[in-house]
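Residues per chain are reported as follows:
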Amino acid sequence: MPYATQADMIARFGEREVIAISDRNLTAQVDAVVLAAAIEQAGDVIDAHLGGRYALPLATVPRLLVGVACDIARYQLCGADAQETEPARNRYKDAIRLLERIKDGHLSLGLDPASQPVATSGTVLIVNGRRTFDRNTLADY
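Quantities reported herein were computed from a predicted structural model and do not represent experimental measurements.

As enumerated under the stated definition, the model contains five salt bridges in all. Ionic pairing is found between Asp71 and Arg91, a salt bridge with its closest N-O pair at 3.1 Å. Note that Asp71 is positioned in helix H4 (residues 63–77) and Arg91 in helix H5 (residues 82–103), a separation of 20 residues in sequence. A relative accessible area of 9% places Asp71 in the buried class. With a relative accessible area of 30%, Arg91 lands in the partly exposed category.

This is how it looks when you write it as structure tokens:
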């Protein structure tokens, strides 16, 4: 499940800007494929930061992460135009700092840990067994 949608991007930045950063074929329309790829990449960045603290995928997407995903996707879509890139770069840096603070436990997403799915893949189960050797068995050798 993506953290943001095309509608979220348009609501945050306006349709005109979303067209400007996604329209690679000069159709004067939002390129949904290009935009979806950028949103997916933004989700990968978010998952990379949150994976150590929260079980993924998140059961619900907090509004805070919708904005973070939009800011990251916008930065990824911006071209070499310095006028467009500087505000996008600043918002991107702020988004990454926010994710790092969440990852480090300085900020919370406000999610109830009990409502999060339990991670099952990649987990290790350690079971204490009995000792093979102890003082009594070593004396026998």
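All right, on to the environment of Pro87 then. Assignment of secondary structure puts Pro87 in helix H5. Given a relative accessible area of 38%, Pro87 falls into the partly exposed group. Spatially, the C-alpha atom of Pro87 lies 10.0 Å from that of Asp71, the residues being 16 residues apart in sequence.

Here the focus is the packing of aromatic side chains. Each aromatic ring pair is characterised by the separation of its centres together with the angle its planes make. All told, the structure shown has one aromatic pair when counted by the stated rule. Between Tyr75 and Tyr92, the aromatic rings sit 4.3 Å apart at their centres with planes inclined by 20°, giving stacked as the arrangement. Of this pair, Tyr75 sits in helix H4 while Tyr92 is found in helix H5, placing the two residues 17 residues apart along the sequence. For Tyr92, a relative accessible area of 24% puts it in the partly exposed group.

On average, the protein chain scores 84 in pLDDT, and the residues at 70 or more come to 75%. Across residues 114–118, confidence stays below pLDDT 50; counting only partners more than four residues off in sequence or on other chains, it has eight contacts.

Cut-offs used in this document
- Residues numbered from 1 in each chain as written.
- Predicted model: local features only at pLDDT ≥ 70, side-chain atom pairs only at ≥ 80, totals over all residues.
- Heavy atoms only, no water.
- Salt bridge = Lys/Arg side-chain N within 4 Å of Asp/Glu carboxyl O.
- Helix = DSSP H or I, 4+ residues; strand = E, 2+ residues; numbered from the N terminus.
- Buried < 20%, exposed > 50% of the residue type's maximum accessible area, 1.4 Å probe, protein only.
- Phe/Tyr/Trp six-rings, centres within 6.5 Å; stacked < 30°, edge-to-face > 60°.
- pLDDT = per-residue confidence, 0-100.
- Contact = heavy atoms within 4.5 Å.

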